[in-house]
Every structure is written in C-alpha cells, then in structure tokens.
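A look at the structure
Below are the chains, spelled out letter by letter.
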Amino acid sequence: MKNDIERKIKGNGVAPGIAVGPAFIIEQSGVPVPEYDIPSAQVENELKRLHSAIDKVQQHLAQLRQKARDLPVGAEDMTLLLDAYKGMLSGSRLVRGVEEIIAKQRINAEAAIQKQIGKLKADFAAMDDPYLAARADDVGEVGARLLRSLLQQNYNPFADAPEGCVILAEEITPADAALLDPGRVVGFATVLGGAEGHAAIIARALGLPAISGVGALTHGIKTGDTVVIDGYKGEIVIRPDAETLQRVRQEIQRKKQEDKRLKALRDIPALTVDNKLIALQANMELPRDLDAVRDSGAAGVGLLRTEFMFMNRATLPDEEEQYQALRKMIEALNGLPLTVRTLDIGGEKLASALGGMSEECANPALGLRAIRLGLKEPKILETQLTAILRASMHGPVRILIPMVSSVSQMTEVRAHLLQVERRLHRRGIKPKGLPPLGAMIEIPSAALVADALAKVCDFFSIGSNDLTQYTLAIDRGDDSVANLYDPYHPAVLRLIQFTVAAAWRANIPVALCGEIAGDPRATPLLLGLGLRELSMSPLRLPAVKSEIMQIALPQASDFAEQVMSKINQHEILDLLQKRITAKEKRV
Ligand code: PEP
Ligand code: MG
C-alpha cells in the first residue's frame with residue numbers, strides 16, 4: 001500500500017511546462033547486436049573502439065556514482081554496485097575475454113561482447129549460487145552499457161515508448177533527443193545533464209517539460225506508474241493523488257489559454273512602442289521544426305543547427321543528401337532567410353559518423369570541434385559549403401561558422417568558400433554571388449577581437465550558451481555545476497555589449513541566437529544593448545514579441561544602462577525579474 005503514496009523528487013527544471021502521463025523507464029539493456037567479420041588489419045582498430053567505449057562507460061559510471069549520493073535510501077548499495085561495474089571494466093575476465101575474441105575470431109567488438117557475456121553468464125549459472133547468479137546480471141548490465149555506447153548510431157531507445165508517456169532515463173544524449181517524438185512523449189527527466197545541454201535545448205524546442213540532475217530518478221518507480229513532470233519547479237510527482245492531479249490539469253488548461261493568446265500575435269509585426277521593427281527569427285534543430293517555425297510567425301531561421309544531418313548514422317552525408325535537405329527547408333520557408341550554421345559537432349554533440357575524429361581528447365569541449373574540425377578535415381567543411389551554395393540558388397541563405405576564436409579562421413573559411421564556388425562554376429553550377437558569411441561569437445576571444453572580426457565577417461550571431469560556458473568555465477551540460485551557469489553574469493553581458501558595439505561600428509548586422517534570446521525577461525536588456533535581431537526556439541517567440549510590443553527603445557537603453565551598472569549577478573537577475581513582475585502588475 002505504501003507504494004501508492006504520492007512522492008515528490010526534485011531536480012533542475014531545464015525546459016518549462018507541466019505534463020502528466022505514465023512513466024516509461026529507459027533500460028540500459030535490450031540492445032540489438034550486429035555481428036560481422038573484420039579483416040586482421042582491422043583488429044587493432046576494433047580494440048581501439050572497444051577501449052574508447054570502455055572509457056565512455058567508465059566516465060558515465062563515475063557521473064552516476066556522484067549522483068547516487070542523492071538517493072534517499074540505498075545510496076551505499078548503489079555506490080557499491082557502481083564500483084563493482086567499474087571493476088568489471090578494467091582488466092577483468094569480461095574485458096580480457098572480449099579482447100581475445102576480437103583478436104582470435106576477428107569479429108566486431110559488439111558481437112565479441114555478446115559472446116563473452118553469454119559465456120560468463122553460463123559460468124555463473126553453473127555455480128548454482130544465488131550470490132553469483134546476481135553477479136551474472138551485473139555482467140549483463142555492464143555488457144549492455146558497452147553495447148549501447150558502441151551502437152549509439154543506430155539504436156532508438158524510444159522505439160517502444162507508449163503514447164503520452166513521460167520518459168525517465170539516466171541520460172538523453174543529443175543524438176537520443178533528436179529521436180524524441182513529441183507526438184508520443186509528453187516530457188522527460190534524466191539523472192545526468194545540465195540546463196543548457198542540447199537535450200534540454202531540444203526539449204524546449206519541442207515544448208516538452210524536462211528535468212535533469214535527478215539523483216533518485218528511477219528509484220521506487222516502475223514503467224506505467226503515473227507521474228507529473230513540472231519543468232517550472234523542477235519537480236516530479238510520482239503516483240500523484242487526486243488533488244494533485246486536479247491542480248495539474250487546471251494548470252495545463254491555463255497554459256493552453258495563454259498559448260492561445262500568444263498565438264494570436266503570430267501575424268502582428270514585432271514593433272516596439274516607438275515603432276522600431278525587431279527581427280525575430282527561429283532556431284531549428286531538426287527539419288520537423290519547420291511547422292513550429294511557420295506557426296510562430298518568425299521572420300526567418302536565424303540558426304539552423306545542421307548537426308541533425310550527421311547524427312544517428314554510421315556514415316557522413318554526401319553533398320547531394322545535404323543539398324536536398326537544405327533545399328527542402330529553403331523551399332518550405334518560401335522566401336524567408338535561412339541561416340545555415342556549419343557542422344558544430346564535438347563536445348557533448350558527438351556523431352558516430354565521424355568515427356571518433358572529434359571525441360578522442362581529454363577535454364572535448366575545448367578540443368577538436370566545430371570549425372576547428374572543419375578546418376582540419378576540409379573535405380567535411382567543403383562538402384557542406386558546396387551543398388549550402390547549391391541550396392542558396394533556391395532562396396535567401398546566410399552561412400554561419402561556429403566556435404570561431406580568431407580572425408585567421410574566418411579568412412581560411414572564406415578561402416574554402418571561394419574555392420568551392422570556383423569548383424561549382426567548373427561543374428557549370430553558377431550561384432548568384434556568395435551568401436553572407438558570418439561568425440558565431442561564442443568564445444570570449446572572438447568577442448574580445450570583435451572589431452577585427454567585423455572586418456572579415458558579413459554578420460555576427462552571438463551564441464550566449466557557449467559564451468557563458470567558456471567565459472565562466474562552467475560545463476553547460478553538467479548538472480553538478482548547473483547552479484553556477486548564469487548567462488546574466490556581468491562578464492557575459494559585457495562581452496555581449498562589446499560585440500554588439502563592434503558590429504554597430506563596422507555597420508554589420510548582429511543577432512543573438514543563444515537561449516536567452518527566448519527569455520522575455522532578457523528582452524528589454526538585449527534591445528537596450530543594441531540588438532535588433534534575435535533568434536530563438538519558435539515556441540518562445542510569441543512571448544518575446546509580446547514583450548517587445550510593450551517597450552520603447554530609449555526606455556530599453558536606460559534599463560540596459562541600469563543593468564550594466566550592477567556588478568553583482570543576483571542584483572541583475574533581480575532587476576530582470578522585477579521589471580517583468582512590475583509590468584505584470586500594471587496590466
Ligand atoms: C550557443 O552556443 O549559444 C548556440 C546558439 O549554439 P549551440 O547551443 O548550438 O552551441
Ligand atoms: Mg554554441
């Protein structure tokens with residue numbers, strides 16, 4: 001009976017909204033395993049794949065171990081279990097056996113793991129000892145984790161999720177998040193993951209409430225139990241009682257009404273009180289966001305994250321495939337501009353198709369990612385630039401380069417772009433001129449040399465998510481430092497101010513496309529700093545528009561001046577919050 005009692009657990013609310021539905025717990029096991037022969041020359045490589053998977057699982061276990069401390073009960077048992085898993089991954093019978101099978105039988109790592117698990121399980125079972133039988137399950141669990149890590153590119157963890165469910169999982173990687181179907185899933189909660197990780201961004205783009213950093217997530221709950229997920233409060237209610245359910249349903253209803261009110265703003269221009277038009281554009285993660293972009297009344301796409309074309313697959317997309325995908329989007333936008341960001345893979349956004357090119361470094365967020373990877377592997381960059389140039393013949397396009405840290409990178413990119421154009425001309429394909437080429441300003445060094453960058457860029461787009469991460473040295477995807485992640489920190493705001501001023505001096509357009517563009521609390525500040533172009537999740541656009549329609553630019557400048565005079569981040573947040581609250585009171 002005790003099991004039926006309502007229980008609440010806390011985490012970090014990373015995407016707003018509230019929903020109720022049956023829990024669907026993502027298990028680590030049940031991964032379908034391919035088997036194929038490998039030539040002897042490939043053995044070394046296969047062993048490398050195995051060890052890179054082992055390293056990843058070790059890291060994952062270490063993160064889970066940290067979280068296990070939050071468990072209300074069983075923290076010690078869980079820690080011991082995770083330590084046992086860790087032990088099974090270094091020099092154990094499991095690992096040695098898998099290495100031997102790969103080397104001797106010359107088969108792929110996944111199949112070798114499967115074989116060795118089968119053998120160990122059979123050995124344990126033969127001992128007829130309940131303690132050892134439990135160890136057989138542990139070996140199975142560790143093996144399944146290894147398989148999942150190796151098979152990331154073609155495994156859909158949500159394939160069996162029932163309609164209307166709330167997903168509960170240890171982690172949702174950006175590649176997993178791209179597979180979430182908002183028609184079936186109403187929200188998700190994870191043990192790992194920070195507020196500005198890409199799973200959180202995708203959740204916000206899909207309008208799904210999401211919570212991360214929940215230590216005790218799958219403890220005392222089973223698939224099918226009713227749960228409420230409250231992304232505003234960062235709270236999960238397990239087996240809610242009738243009173244809670246009624247309150248939640250009222251809240252969902254109220255939210256629907258509010259959405260309806262905001263939707264009515266769709267075709268109204270984003271004019272300030274003093275009649276200045278602000279360009280509100282949409283961020284797109286996946287082609288399926290197109291409907292939301294159109295419904296939002298966006299003036300175009302200010303950021304197309306092209307990573308989706310490279311995720312959940314084993315090989316890189318060729319020029320034709322990329323061209324067709326872009327062309328479809330451009331045609332669907334019907335004359336509205338599309339800002340295509342070149343591949344920003346690496347860091348937390350890993351693509352198996354790159355074969356580990358970007359992930360084998362100790363510190364991926366600071367490693368070979370985004371344009372650094374593009375300039376090191378020019379074929380990847382040039383293929384994408386070729387596809388973009390061809391697509392630009394079907395409608396207005398801008399090219400945006402991620403993770404720029406110096407002027408020379410932009411001059412190098414431009415040289416590649418010119419080279420690509422020449423090659424296209426030789427193929428008889430003649431786009432009408434080159435699309436504008438811009439830099440993401442998301443690394444402090446780029447912001448600090450914005451004056452020089454403005455001379456080699458046609459536009460800027462400020463990425464406040466990474467700018468916050470790199471300015472404050474806070475991993476945006478790590479829940480254990482999520483409380484320190486603050487895009488309104490004065491240091492970040494000063495870099496934004498500096499960048500906008502440099503763009504104005506050079507007379508080039510400047511946009512902001514990080515998550516704060518979609519936070520109505522920040523709207524007066526961003527306008528006051530001189531931004532006239534904001535790009536955000538399409539679902540956030542109406543609320544920002546509503547804010548714009550209530551401010552005059554001189555008033556926004558005064559407010560920005562007031563905010564920039566503060567050195568304490570709490571005072572800044574207070575000012576942003578109070579302005580909203582004061583206005584709500586006036587209405
Ligand atoms: C950013 O860093 O602010 C940004 C918009 O890019 P992403 O979130 O894709 O890194
Ligand atoms: Mg970024």
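Residues numbered from 1 in each chain as written. Chains lettered and ligands numbered in written order. Predicted model: local features only at pLDDT ≥ 70, side-chain atom pairs only at ≥ 80, totals over all residues. Heavy atoms only, no water.

1. A look at the overall build of the protein
Which entries qualify depends on this criterion: By the criteria applied, helices consist of DSSP H or I runs no shorter than four residues and strands consist of E runs no shorter than two, each listed in order from the N terminus. The globule rule used here is 2.2 Å times the number of residues to the 0.38 power, and the radius of gyration it is set against is calculated over C-alpha atoms. Classification of residues uses two cut-offs on accessible area relative to the type maximum, computed with a 1.4 Å probe and protein chains only: under 20% is buried, over 50% is exposed, and between them is partly exposed. It only takes one pair of heavy atoms within 4.5 Å for two residues to be counted as in contact.
Helices and strands together make up the secondary structure of the protein, namely 21 helices and 16 strands. Against the 2.2 N^0.38 benchmark of 25 Å for 587 residues, the protein shows a C-alpha radius of gyration of 25 Å, consistent with a compact globule. Taken along the three principal axes of its C-alpha coordinates, the protein extends 80 × 70 × 40 Å. For the protein, with 587 residues in total, the buried portion stands at 55%. The long-range share in the protein, meaning contacts at least 24 apart out of those at least 6 apart in sequence, stands at 70%.

2. Considerations on the domain arrangement of the protein
Spelled out, the test is: Note that the domain bounds were set by an automatic or database domain assignment.
Assigned domains of the protein: these are domain 1 (2–24 + 163–259), domain 2 (40–154) and domain 3 (277–586). Each of domain 2 and domain 3 has a C-alpha centre, and these two points are 39 Å apart.

3. Observations regarding the nonpolar core
Let me state the cut-off plainly: As used in this record, nonpolar core signifies buried Ala, Val, Leu, Ile, Met, Phe, Trp, Tyr and Cys residues forming a set joined through side-chain atoms within 4.5 Å.
Counting 95 residues, the largest nonpolar core has F460 and I496 as the members making the most contacts within it. F460 has contacts with A439, I441, A450, L453, A454, T499, A503, I508, P509, V510 and A511, leaving out every residue within four places of it along the chain. I101, I102, A136 and V214 belong to the second largest nonpolar core, which has 50 residues in total.

4. As for unusual backbone geometry
For R239, which is not glycine, the phi torsion reads 50° and is therefore positive. Within the secondary structure layout, R239 lies in the loop between β8 (235–238) and α8 (242–263). Judged by its relative accessible area of 15%, R239 falls in the buried class. We note that A370 has phi near 50°; this positive angle belongs to a residue other than glycine. Locating A370 in the fold gives a position in helix α11 (residues 370–376). In this structure A370 comes out as buried when scored by relative accessible area, which is 2%.

5. Points about the environment of A552
Turning to its location among the elements, A552 is positioned in the loop between α19 (541–548) and α20 (553–564). According to the relative accessible area criterion, A552 is buried, its value standing at 15%. Distance from A552 to L527, taken between C-alpha atoms, is 9.4 Å for residues 25 residues apart in sequence. Setting aside anything within four residues of it in sequence, one finds A552 in contact with V273 and D274.

6. Some remarks on the site of ligand 1
Defined as follows: Distances are taken per atom, and a residue is near a molecule or strand as soon as one of its heavy atoms is within 4 Å of it. Pairing of N or O atoms within 3.5 Å defines a polar contact, subject to two protein rules: one partner must be a possible hydrogen donor and the other a possible acceptor, and residues neighboring in sequence count only if both atoms are side-chain atoms. Residue polarity follows a fixed list, in which Ala, Val, Leu, Ile, Met, Phe, Trp, Tyr, Cys and Pro are nonpolar, Asp, Glu, Lys and Arg are charged, and the others, Gly among them, are polar.
Taken together, 16 residues sit near ligand 1, with R305, R341, G463, N465 and R476 positioned nearest. Between ligand 1 and the protein, one listed contact pairs an oxygen atom with a side-chain N or O atom of R305 at 2.6 Å. In this structure, an oxygen atom belonging to ligand 1 sits 3.1 Å away from a main-chain N or O atom of S464. Top contributing element to the shell around ligand 1 by residue count: helix α16 (residues 464–472), with three residues. Here the residues of the shell around ligand 1 sort into four nonpolar, five polar and seven charged.

7. A closer look at the coordination of the magnesium ion (ligand 2)
Short version of the rule: Listed donors are limited to N, O and S atoms within 2.8 Å of the metal, widened to 3.2 Å for Na, K and Ca; water is not among them, so incomplete-looking sites are possible.
Around the magnesium ion (ligand 2), the donor atoms from the protein are E442 (OE) and D466 (OD), and they sit 2.0 to 2.1 Å away. Of this pair, E442 sits in the loop between β13 (437–441) and α14 (444–448) while D466 sits in helix α16; the two residues are 24 residues apart in sequence, bridging distant segments of the chain. By relative accessible area, which is 2% here, E442 ends up buried. The exposure class of D466 is buried, given its relative accessible area of 3%.

8. Quick look at helix α17 (residues 490–506)
We apply this condition: Given the number of residues in a helix, its expected span is that number minus one, multiplied by 1.5 Å.
Here α17 spans 24 Å end to end across 17 residues, near enough to the 24 Å set by a 1.5 Å rise per residue. One or two positions beyond α17, positive phi appears at N507, with a value near 60°.

9. A look at α20
The cut-off we apply is this: Picture the helix axis, draw a direction to every C-beta atom, and the arc is the one those directions span.
Between the first and last C-alpha of α20 there are 16 Å, a value that for 12 residues agrees with the 16 Å anticipated at 1.5 Å per step. Along α20, the residues classified as buried are L553, A556, F559, A560, V563 and M564. Projection of α20 onto a plane perpendicular to its axis shows the buried side chains occupying an angular sector of 130°, all on one side. Along α20, exposed side chains directed more than 90 degrees from the buried face belong to P554, D558 and E561.

10. Examining the packing of helix α3 (residues 93–105) against helix α4 (residues 109–126)
What counts is decided by this rule: Axes here refer to lines fitted to C-alpha atoms; in helices the fit is confined to the stretch in contact. Angles between the N-to-C directions go from 0 to 180 degrees. Convention used here: angles under 35 degrees read as roughly parallel, angles over 145 as roughly antiparallel, angles from 65 to 115 as roughly perpendicular, and any remaining angle as oblique. Two helices cross in a left-handed way if the nearer one is turned anticlockwise from the farther one by less than a right angle. They cross in a right-handed way if the turn is clockwise.
Where α3 meets α4, the closest approach of the two axes is 9 Å, and the angle between their N-to-C directions is 130°. When the axis of α3 is compared with that of α4, the two are oblique. Both α3 and α4 take part in a crossing whose hand is right-handed. Counted together, R93, L94, G97, V98, I101, I102 and Q105 of α3 and A109, A112, I113, K115, Q116, I117, K119, L120 and D123 of α4 form the full contact between these two elements.

11. Looking at the state of the cysteines
Let me state the cut-off plainly: By convention in this document, the label disulfide applies to cysteine sulfur atom pairs within 2.5 Å.
Counted according to the given criterion, the structure contains zero disulfides. Here C457 is not disulfide-linked; the sulfur of C513 is the nearest cysteine sulfur, at 14 Å. Judged by its relative accessible area of 1%, C513 is buried.

12. Observations regarding the sheet that holds strand β3 (residues 18–25)
Short version of the rule: Any two strands with at least two DSSP-identified bridges between them are counted as paired.
The strand order across the open sheet built from eight strands is β1-β8-β7-β3-β4-β5-β6-β2, with neighbouring strands paired in mixed fashion. Two strands in the sheet have a free side with no partner beyond their single neighbour: β1 (7–10) and β2 (12–15). When strand polarity is set aside, the average angle formed by the axes of neighbouring strands in this sheet is 30°. Of the strand pairs in this sheet, strand β5 (residues 185–190) and strand β6 (residues 210–212) are connected by two bridges, and their pairing is parallel. Note on β6: the bridge partner recorded for F188 is A210. Along the sheet, helix α7 (residues 198–206) makes contact with β2, β5 and β6, crossing β2 at roughly 55°. Packed on one face of the sheet, α8 meets β3, β7 (226–230) and β8 and runs near 120° to β3.

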